[in-house]
Amino acid sequence: MALLHRKAWRFVFSSSRLSSLSPSAGREFRSDAALEAISKANEEKTPNIVLYNYPSFSGAFSALFAHLFHSRLNLPCLILPFSSVEPFRILDFRIEGLERCYLLDFIGPRGFASTLSRQSNCEVICFDHRKSVLSRVQSIEDCGEKVRITVDVEKSSSTSVYEYFSKKILDNNGGVEGLLKPEDQDRVEMILKYIEDMDLRLWSLPDSRAFNVGIGEWRSKFNYVTNPYMFEELLEISPVDIIEKGNSNISSRWADASKLMDKVFKVRLGRGFYGECLGVRADGNSHLSDEIGKALSVKSAAAGLRPIGAVVYMLRNNLKMCLRSIDSATDTSEVAKAYGGGGSPSSSSFIIRMDEYNQWLSVNAS
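All values derive from a computational prediction rather than experimental measurement.

Visitor: Mind showing me how you'd approach the environment of Gly59 here?
Guide: Position of Gly59 relative to the elements: it lies in helix α3 (residues 57-72). Residues Gly59 and Phe127, 68 residues apart in the sequence, show an inter-C-alpha distance of 9.6 Å. If we skip the residues at most four places from it in the chain, Gly59 touches Tyr52, Asn53, Leu104 and Asp105.

Visitor: How do you make sense of the packing of aromatic side chains when you look at a structure like this?
Guide: Aromatic ring pairs are reported here in terms of the distance separating the ring centres and the angle at which the planes meet. Here the structure, examined in full by the defined rule, presents 17 aromatic pairs. Aromatic side chains Phe127 and Tyr164 sit 5.2 Å apart centroid to centroid with 65° between the ring planes, which places their arrangement in the edge-to-face category. Of this pair, Phe127 sits in strand β6 (residues 123-128) while Tyr164 sits in helix α5 (residues 157-173), and the two are 37 residues apart along the sequence. For Phe127, a relative accessible area of 2% translates into the label buried.

Visitor: Please explain unusual backbone geometry as it appears in this structure.
Guide: Generally, phi is negative for residues other than glycine and the peptide bonds are trans, each holding for most cases. Tyr54 connects to Pro55 through a cis peptide bond whose omega is 5°. Structurally, the position occupied by Pro55 is in the loop between β3 (48-53) and α3. Of note, the phi angle at Asn121 is positive, near 55°, even though the residue is not glycine. Note on placement: Asn121 falls in the loop between α4 (112-120) and β6. On the accessibility criterion, Asn121 (55% relative accessible area) is exposed. One non-glycine residue, Trp203, lies in positive phi territory at about 50°.

Calculation notes
- Residues numbered from 1 in each chain as written.
- Predicted model: local features only at pLDDT ≥ 70, side-chain atom pairs only at ≥ 80, totals over all residues.
- Heavy atoms only, no water.
- Helix = DSSP H or I, 4+ residues; strand = E, 2+ residues; numbered from the N terminus.
- Contact = heavy atoms within 4.5 Å.
- Phe/Tyr/Trp six-rings, centres within 6.5 Å; stacked < 30°, edge-to-face > 60°.
- Buried < 20%, exposed > 50% of the residue type's maximum accessible area, 1.4 Å probe, protein only.

In structure tokens form, the structure reads like this:
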């Protein structure tokens with residue numbers, strides 16, 4: 001049966017290609033420690049498993065709510081990060097006594113949830129918020145007798161999971177105690193609002209961009225296998241501190257970007273077919289491409305050129321060009337797509353051959 005709520009799809013069924021990095025990078029996820037934890041769960045017949053999307057903010061906070069629920073009710077539970085870098089395999093979870101598995105902020109590779117459910121005869125409960133998932137949740141391959149998939153495109157996954165476990169704990173303790181302690185609730189709920197603002201790409205909250213930059217450094221701490229204090233740390237995050245950190249980082253990055261602005265030159269986009277704009281070489285400073293590109297976009301428009309900034313740098317043995325624009329009527333991706341790249345109208349990139357790139361340069365701009 002499928003129930004449609006607002007733009008939320010909640011499926012209660014009665015009847016990829018995955019990216020890869022080096023093996024050493026992957027071992028942080030499907031590591032010996034993680035596999036040993038699964039083996040121990042099998043020995044102890046742990047009935048609950050939580051897999052959360054790593055390194056997603058929604059995934060990490062969803063795992064926090066699952067942890068609070070199970071620990072508060074003294075329910076045995078194994079919690080592990082799930083990364084597409086080195087994903088767990090179905091055969092990893094041959095756990096005797098497994099009753100329930102949560103997939104938080106993802107539904108797994110194609111067929112993962114349904115196969116896991118059949119293999120262990122367990123209930124699989126999934127939460128996601130991405131529109132791209134909607135086409136999959138009706139696929140027979142991703143369905144199963146005990147598979148429940150909740151996709152709400154108007155909420156982040158962390159918000160949906162928070163509401164789910166908040167209701168579940170009240171149902172289990174007679175409404176005596178909520179999921180979060182009173183001293184933590186307002187702060188955590190504010191963080192959830194900012195995460196939702198990012199996940200849905202609304203950018204409507206005050207200082208949302210600063211929050212996005214400030215919380216970025218937390219990604220490395222979202223692996224519960226390597227950071228056993230993850231949940232305590234998540235509960236202590238202050239949105240005010242995150243925003244202050246983000247504003248500080250933004251100011252610092254703008255200051256670093258401005259140092260390159262005296263080395264600007266003209267770029268004939270597509271040998272002039274797409275007009276001219278200003279560009280700069282940013283070798284060694286590729287992390288500043290967004291700031292530099294936006295600043296160049298303004299400067300380029302003021303110079304009577306197209307309101308686009310071109311940031312060029314070496315990426316391994318290739319030359320990469322990033323195009324940015326703050327003009328809503330300008331589509332940078334038309335250039336990027338013509339040269340095998342892609343992106344959005346305001347932000348795109350592509351690899352360009354050196355001989356082709358040299359054809360794009362004209363006299364230096366003052």
